[in-house]
Amino acid sequence: MTHMKSLQPQVEVGPSIDDYHVEEHIGHLLRRAHQRASAIFQSYMGHVQITPTQFAALTKLRDEGELSQNHLGRLTAMDPATIQGVTRRLIDRGLVQIRPDETDRRRMLLRLTEAGVRLTEDIIPYGFDITDDTLEPLSAEEQELFLALLKKIS
C-alpha cells in the first residue's frame, strides 16, 4: 500500500492575535509622530496663532500667487470642508483676500493680503526649524530615507 499526500492546500497561519501590540503598528506610530511634530510646530508658531493647515495655505498662496479655494485645498491635501474653514479664518484675520474670478463669476480666487505676505515671510523660516527639530533623532541619511518613504506612502 502506498502512502498518498493530501491534495488539500496548505493554509498559512498568520500571526496570533496575542502577538498584536498597538504601540508597534503603523497607525499608532504615525499618530505619535504627528503629535510630536504638532507639539514642535506649536512651540514655534504659538505666538502667531497659526495652525499647521493655515501655515500650509499661507505658504502655498505665497508660492502660487492666486488660487481658487478648491485648487488650494488640493495642493495642500485638505478636503473641501477643511480648506473652507481654514480660508475663512485667514480672511477673518485679514491675511487672505477673496475676489470673484473675472472669467467665471461662480469661482472665487484667494490671495495673500500685504499683512499675509509679511506674516508668511516672517514665519517661513520657522518651517525649517520645525522640520529640523522633528527629524533631529534621525541621522542625515535616515532623515532623507524617512522623508522619501513618507512621500511614497502618502
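Our structure's up above, just so we're on the same page.
For clarity, every value in this text was computed on a predicted model and none was experimentally measured.

S.K.: Kindly report on the side chain of Thr-87, identifying the contributing residues and their values.
M.R.: You can see Thr-87 is positioned in helix α4 (residues 80-92). Here Thr-87 falls in the buried class, since its relative accessible area comes to 3%. Looking at Thr-87, its side chain comes within polar contact range of the side chain of Gln-69, at 2.7 Å. Not counting chain neighbours up to four residues away, the residues in contact with Thr-87 comprise Gln-69, Leu-72 and Leu-110.

S.K.: Please provide a residue-by-residue account of the side chain of Thr-59, values included.
M.R.: Here Thr-59 lies in helix α2 (residues 52-64). The exposure class assigned to Thr-59 is buried, which follows from its relative accessible area of 18%.

S.K.: Tell me about the pattern of salt bridges, and name the residues and values.
M.R.: Two side chains carrying opposite charge are able to pair once their charged atoms lie near each other. Counted under the stated rule, the structure contains 8 salt bridges. One salt bridge connects Asp-104 with Arg-106, and the closest N-O pair in it is separated by 3.1 Å. Take Asp-104: its relative accessible area is 25%, and that puts it in the partly exposed class. Exposure remark for Arg-106: the relative accessible area of 76% places this residue in the exposed category.

S.K.: Go over the packing of α2 against α4, please, and point to the residues and values.
M.R.: Their axes nearest at 10 Å, the elements α2 and α4 cross at an angle of 75°. It follows from the interaxial angle that α2 and α4 lie roughly perpendicular. Across from Thr-53, Gln-54, Ala-57 and Leu-58 in α2, the residues of α4 making contact are Val-86, Arg-89 and Leu-90. Split by residue class, the contact of α2 with α4 holds 4 nonpolar, 2 polar and 1 charged.

S.K.: Could you give me a rundown of the nonpolar core, with the residues and numbers involved?
M.R.: Within the largest apolar cluster, 24 residues are counted, with the highest numbers of intra-cluster contacts made by Met-45, Ile-50 and Val-96. Broken down by secondary-structure element, the contributors of at least two residues to this core are α1 (26-45), α2, α4, β3 (108-112) and α5 (114-135). Sequence-distant contacts of Val-96, that is, excluding residues within four places in its chain, are made with Leu-58, Leu-61, Leu-90, Ile-91, Leu-110, Arg-111, Leu-112 and Thr-113.

S.K.: Kindly report on the packing of α2 against α5, identifying the contributing residues and their values.
M.R.: Axis separation between α2 and α5 bottoms out at 11 Å; the angle between their running directions is 115°. The hand of the α2/α5 crossing is left-handed. The residues of α5 that touch α2, namely those facing Phe-55, Leu-58, Thr-59 and Arg-62, are Thr-120, Glu-121, Ile-123, Ile-124 and Gly-127. Residues belonging to the contact of α2 with α5 are distributed by class as follows: 4 nonpolar, 3 polar and 2 charged.

What counts and how
- Residues numbered from 1 in each chain as written.
- Predicted model: local features only at pLDDT ≥ 70, side-chain atom pairs only at ≥ 80, totals over all residues.
- Heavy atoms only, no water.
- Helix = DSSP H or I, 4+ residues; strand = E, 2+ residues; numbered from the N terminus.
- Buried < 20%, exposed > 50% of the residue type's maximum accessible area, 1.4 Å probe, protein only.
- Polar contact = N/O pair within 3.5 Å; in protein donor to acceptor, adjacent residues only side chain to side chain.
- Contact = heavy atoms within 4.5 Å.
- Salt bridge = Lys/Arg side-chain N within 4 Å of Asp/Glu carboxyl O.
- Axes fitted to C-alpha atoms, helices over the stretch in contact; angles between N-to-C directions.
- Parallel < 35°, antiparallel > 145°, perpendicular 65-115°, else oblique.
- Nonpolar A, V, L, I, M, F, W, Y, C, P; charged D, E, K, R; others polar.
- Core = buried A, V, L, I, M, F, W, Y, C linked by side-chain atoms within 4.5 Å.
- Left-handed = near helix turned anticlockwise from the far one by under 90°.

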